[in-house]
Structures are given as structure tokens and as C-alpha cells.
Amino acid sequence: MNDAEPPDGIARGFRVAAPALVGVIAVGLWQWLVVANDVPVWLVPSPAVVLRTLVDERALLLDSLGVTLGIALTALALAVVVGVAIALVFVQSRVIEMSLFPYAVLLQVTPLVAIAPLVIIWVGDTRVALVLCAAVVALFPIVSNTTLGLRSVDPGLLDLFRMSRASRWQVLWRLRLPSALPYFLGGLRIASGLALIGAVVAEFVAGTGGAGAGLAYQILLAGIQLNMPRLFASLVLIALAGIALFAATVALSRAALRRWHESETSDAVR
Amino acid sequence: MTQPLSSAAPAVEICGARKTYATGTEALAPVDLAIGRGEFVTLLGPSGCGKTTLLNLVAGLVQPSGGTIRWWGGAPGETGGGLRMGYVFQSPTLMPWARVDANVRLPLDLAGVPRAQGATQVDDALRLVGLAKFARRFPRELSGGMQMRASIARAIVNGPDMLLMDEPFGALDEFTRQRLDAELLALWGARGLTVIFVTHSITEAAFLSTRIVVMGASPGRVVDDVRHDICGPRDDAFRTSPAFLDCCRRLSRAIQSAGEAALHE
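Keep in mind that this is a model prediction, so the values were computed, not measured.

Chemist: Can you help me understand the interface of chain B and chain A in this one?
Modeler: Where the parts come together, the accessible area they lose is often given as the size of the interface. Each partner contributes to the interface: chain B provides 21 residues, whereas chain A provides 23 residues. Of the roughly 2,100 Å² buried at the junction of chain B and chain A (both faces included), carbon and sulfur atoms supply 62%. Looking only at chain B, the three residues that lose the most surface to chain A are W97, L110 and R140 of chain B, adding up to 38% of its buried area. At the boundary of chain B with chain A, the tally comes to 2 salt bridges. Across the pair D109 of chain B and R174 of chain A runs a salt bridge whose closest N-O atoms are separated by 3.4 Å. Linking chain B to chain A there are 3 residue pairs in polar contact (both at pLDDT 80 or more). Counting residues per element, the side of chain B that touches chain A draws most heavily on helix α2 (residues 100-110) of chain B, at 3 residues. For the side of chain B that touches chain A, the per-class residue count stands at 12 nonpolar, 3 polar and 6 charged.

Chemist: Even after reading the chapter, I still don't get the packing of aromatic side chains, so can you show me in this structure?
Modeler: Each aromatic ring pair is described using two quantities: the centre-to-centre distance and the angle formed by the ring planes. Residues and elements named next belong to chain B. Inspection of the entire model under this criterion finds 11 aromatic pairs over all chains. Here the aromatic rings of F40 and F197 are separated by 5.9 Å at their centres, their planes lie at 45°, and the arrangement is tilted. You can see F40 sitting in strand β3 (residues 40-44) and its partner F197 sitting in strand β7 (residues 194-199), a full 157 residues away along the chain. The burial state of F40 is the same as that of F197; both residues are buried. When the ring of F169 is compared with that of F197, the centres are 6.1 Å apart and the planes differ by 55°; the resulting orientation is tilted. On the criterion of sequence distance, the pair formed by F169 in the loop between β6 (162-166) and α5 (174-191) and F197 in strand β7 is long-range, its members being 28 residues apart. In this structure F169 comes out as buried when scored by relative accessible area, which is 0%. Every member of this aromatic cluster is reached through a ring pair, and the members are F40, F169, W188 and F197.

Chemist: Explain a nonpolar patch on the surface here, please?
Modeler: A cluster of nonpolar side chains, namely V89, I96, L100, Y103, V105, L106 and V109 of chain A, defines an oily patch on the protein surface of about 610 Å² accessible area. Counting residues per element, the nonpolar patch draws most heavily on helix α4 (residues 94-109) of chain A, which supplies 6 residues.

Chemist: What exactly am I supposed to notice about empty space enclosed by the protein here?
Modeler: A probe matching the size of a water molecule, rolled over the atoms, marks out where space remains unfilled. All names here are of chain B. Evaluation of the coordinates by the stated rule reveals 1 cavity of 30 Å³ or more. Around the largest cavity, the lining residues are E167, P168, F169, G170, R177, T199, H200 and E204. Looking at the lining of the largest cavity residue by residue, the class counts come to 2 nonpolar, 3 polar and 3 charged.

Chemist: Would you explain the pattern of salt bridges in this entry?
Modeler: Two side chains that carry opposite charge are able to pair once their charged atoms sit near each other. Considering all chains together, one arrives at 19 salt bridges over all chains under this definition. With its nearest N and O atoms 3.0 Å apart, the salt bridge here joins R227 of chain B to E39 of chain B. Of this pair, R227 of chain B sits in strand β9 (residues 221-227) while E39 of chain B sits in the loop between β2 (26-35) and β3, and the two are 188 residues apart along the sequence. On the accessibility criterion, E39 of chain B (12% relative accessible area) is buried. Several salt bridges share partner residues, and in doing so they unite R174 of chain A together with R105, D109 and R115 of chain B into one network.

Calculation rules
Residue indices begin from 1 for each chain and proceed along its sequence in written order. Lettering of chains starts at A and numbering of ligands starts at 1, both following the order in which they are written. Reporting of local features is limited, given that this is a predicted model, to residues whose pLDDT is at least 70; pairs of side-chain atoms are given and counted only at 80 or more, and all residues count toward the totals for whole chains, interfaces and linings. Side-chain numbers come from the whole structure's heavy atoms, not from hydrogens or water. In this analysis, two residues are considered to be in contact whenever any of their non-hydrogen atoms come within 4.5 Å of each other. Defined in terms of a 1.4 Å probe, buried area is the accessible area two parts forfeit on being brought together, summed over both. Here, a salt bridge means any side-chain nitrogen of Lys or Arg that lies within 4 Å of a carboxyl oxygen of Asp or Glu. Residues adjacent in sequence count toward polar contacts only when both atoms are side-chain atoms; beyond that, a polar contact is any pair of N or O atoms within 3.5 Å, and within protein one must be able to donate a hydrogen and the other to accept it. Helical segments are the DSSP runs of H or I of at least four residues, strand segments are the runs of E of at least two, and each set is numbered from the N terminus. Side-chain classes are defined by residue name, with Ala, Val, Leu, Ile, Met, Phe, Trp, Tyr, Cys and Pro counting as nonpolar, Asp, Glu, Lys and Arg as charged, and the others, Gly among them, as polar. Here is the rule: rings of Phe, Tyr and Trp (six-membered ring for Trp) pair when centre to centre is within 6.5 Å. Planes less than 30 degrees apart are stacked, more than 60 are edge-to-face, and the remainder are tilted. Think of it in three bands: with a 1.4 Å probe and only protein chains considered, a residue is buried below 20% of the maximum accessible area for its type, exposed above 50%, and partly exposed in between. Patch definition: residues with relative accessible area over 30% and no salt bridge; like charges joined within 9 Å; nonpolar side chains (Val, Leu, Ile, Met, Phe, Trp, Tyr) joined within 5 Å. For every accessible area listed, the method is Shrake-Rupley and the probe measures 1.4 Å; residues are considered covered only by the protein chains on display. Here the term cavity refers to a set of points on a 1 Å grid, laid over the protein atoms alone, in which a 1.4 Å probe fits but cannot get out; the term pocket refers to an open set having protein on both sides within 12 Å along at least five of seven lines, with lining residues being those that place an atom within 4 Å of a point. Grid points are joined across faces, edges and corners, and a volume is the space filled by probe spheres set on the points.

Any functional reading would require information beyond the geometric quantities listed.
If you want it as C-alpha cells, here you go:
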């Protein structure tokens, strides 16, 4: 039988090795194509050149990465606080949710590039404006997932709380919030990526220069100057930052739900 | 233990209580039923006969569409008066994020009992259901039968006067069910509880109860009220005794005639 599943250890190793191999082949092919065809560096730089740029210009690039990540993380934190608060208001009554939810959707479907210029004009501080823009993008998955989670309470447990004459606060704190946690963490996983995208897109629109320049500004400037190695290096950093954010939220879910939720217990407990 | 309002009154007195849901379905035709203290009453009947509705009326989870319910001789509709009820659902209904001891402690937490004060009660309840060693586990890490025991421990942790159980062992295998039935009887005897137990198993009803209220469907109603006070222990030998078999036969006939009567209406 050639289709048989490999033993566990091999399967786990394969899960890491297979994508790594694909990556190595792709980068190798890219390097070979650029070198073999003598592609000019202002068109497509080779991976080796991109890597060298990352090392040589690390001070500038890491500064910019710090700015972009700072905006994305602040926006994510803001989206979490505001999003959970909105979800808590929504679950207080169906009427409130019905009246306000369409506006949450409206906010979600309006492209960021369309509202970013307004926000940047209205808010004096560019950094604050960028945080607001990114937070708006990251808000929706938090609100909708947390609302769903706060409502997804075991009806039997709710009866039990009612029979024990639990207060509204006890129901919220001991029942609704823990029930909502897996849903919230799912929303956070989506929102973390969106916050980064929001931060980059908003900065593109704002085109902030000077000391507080983020990665989007480096890309913008490098594009104008045809400095392709720096543009690619910035892209690599954005991609890595996105992956790191995602991995962090995955690790957070795992730590919080490992012992009790279906999504994390499948291969951990039994 | 709090003092009952009146020591002569039955634990629950149901007078003409009925339930029609908002959808128009008549779940329960008017029921008159008085359940004495210390009785082990089983509500027996097929699906859709209003067993659970009747139980939930007693629990105060559902309001009657008409008629009254009095608990412990108190005023109609007043579940206060110091009466404590424990409820065990069809499924364990545990909080998956909380360890077993925290699940069992829930009724005490909700009543505002300080942790240190409730600790002994939690330990006692866990020991009584044989889960003392599993206090720090999560519900997922327990078998179905053990989860059900945790659920029972939670229901008895605050020393209730009455235990309401809605087909608690229906989802378990026959062996586990028989063992838990026996444990429940021991608990009932040890704690002087009044138990109202819902099941659709004739043998389970005949094994456990001192009284069986047979119910029929469409609309849900009481069709028979069987006294089953027998002397002697209820152990494995009891399952093959004439008293047990007679009771099974009688219950089976009562359910059958109720079913036929419903067909001819």
C-alpha cells in the first residue's frame, strides 16, 4: 500500500519539511532565473541581493518595521477593546443589535482607501490617524465573532444559572465570556492580519515621510526611485510580520483553549 | 438545612397546572399531583408526553399557562421559602472551561458562598459520587458516566431538599446506567431527598421509584399513578424479584392502554 499514512513522527517532520522544500526550490529557481537571464536589478533583484539589502539597510528597515508593527498592534488593541465593548452592547438586546449591526457592516464593506484620506485630514496627528484606519479594518471580525460567541451559550447552563438566581453580571462573567472565548480568539486571528494590512494601506494613502516612516512609505519611495532591492526587502519584512502576528494569535488560542475546547484538544489531550 | 415552611405539607403540590406553548402546542393538559417529602417519584412515558415540561414546571424554569404550583406548602408560585432544588439535565451540561471541582462548586459560587467555606461541601459531593480523584480534571477528560456523576455532584452540593432529574442516564450504556441507578438510590437514602426522575425506561422506573406517574402523549397528561413501596433492599437481586417484574408488567400495560386510547380519540 503506497497510500498508507506515514507514522506520526515522520508525518510531523514532513509537515515542516514539505513547505520548506517548496520555499527553497522557489527561491533557488528565482535566483537561477535572474542570474541566467541577466535580469537588471532595477527590474527584479535576485534573492541574494534582497538578503544583502536586508542586512546592509537593517537600521532603516527595522525602524520602519517597528513603526508599521507599532501602528498595527496599537490598532489591534484598540479594535479588541472597542469591538468587545460593542459586542457586549449588542447582546444586551436584539433591538440594539438590529439597529446598529447594519452600520458595523457598512463600516466593514467601505474600502479603507476611500475613508483613509478623510480620517487623515480630520485627525491632526498622522500616527493617530493611521491607528484609527487600521483599527476600523480590524474591528469587524472582533465584533461579529464576539457577538456570536456571547450568544452561543449552552441553554442548559443558562437554565442552571437562572435556577440558581444568578445575577446578570454572574451570567456574563461566569458563562457568556468563557463561552465566547473560542469565537473571540477566532476573530482575533483574522483581525491581526487585517490590522497589519490596514496599517500598510493607510500609510500608502497618507504617504508619511520623515522620521516616523513605516514600511509602506519605504515601498512607496523605493518604487519611485526604482530601488527594487529595498522594495523587495520591505515586502519580505511585511510578509514576515504578518506571519509572526498570525503565529502569535495561534499560540494564544492554543494556550487559552488547549485543555477544554474541541478546536485545540483534538491531538493534545486524548 | 433550612426549616421548611410547614412540615406537614407535601414537597410539591400541583393543582390543575397546564402548559400551552406560544406555538399553540398543548404540551401538558391540566395535571393534579402532590409529591410527598422523601418520595422517589418517576415520571414515565413515551417521547412528547410532557414529562420534561412537568419537571420544568416543578423546577420553576417554565411558567404554567394555568393552575398553580406550591412548593413546600408555600404560597403558589413562590419557590423561595428556603427550598433548595438540584437539577440534573439529560446531558452533563458542565462548563467545559472549568475543572470538575469548579463545576461542582458553581451553585455555591452563584449563591455567594466563600470558597473556604464551600470547600468541604464540594469535597463531600465529589466523594459521594466517586470523583474525589478527578477533581482537577477537565470535563473533556472524563467518560460520559463520570461527567454525569459530576453533574449529580453539582446538583447535590448545596444540600438540596429536592432533586429533579431529566432522563439523566438516557445516553449511557446499560451497565453504566444500572450502576448509576444503584448509586442514586444510595444517595437518596443517605440524604433524605425528594427525587423527581424522568425516564422512558420501564425497568429503570420499576427499579428506582417508590411511586411512578405514568404519562401519555398528545396532549401530555397523567394516565396512571402507581405506588411501588416495597420492603427490602433494591439491589441486583431485586431486578429479578416478582415485585419488580409485576411492576414492570403493570407499567407496560398502563403505557400501552394510554397509547391505544390516544389512537382511538
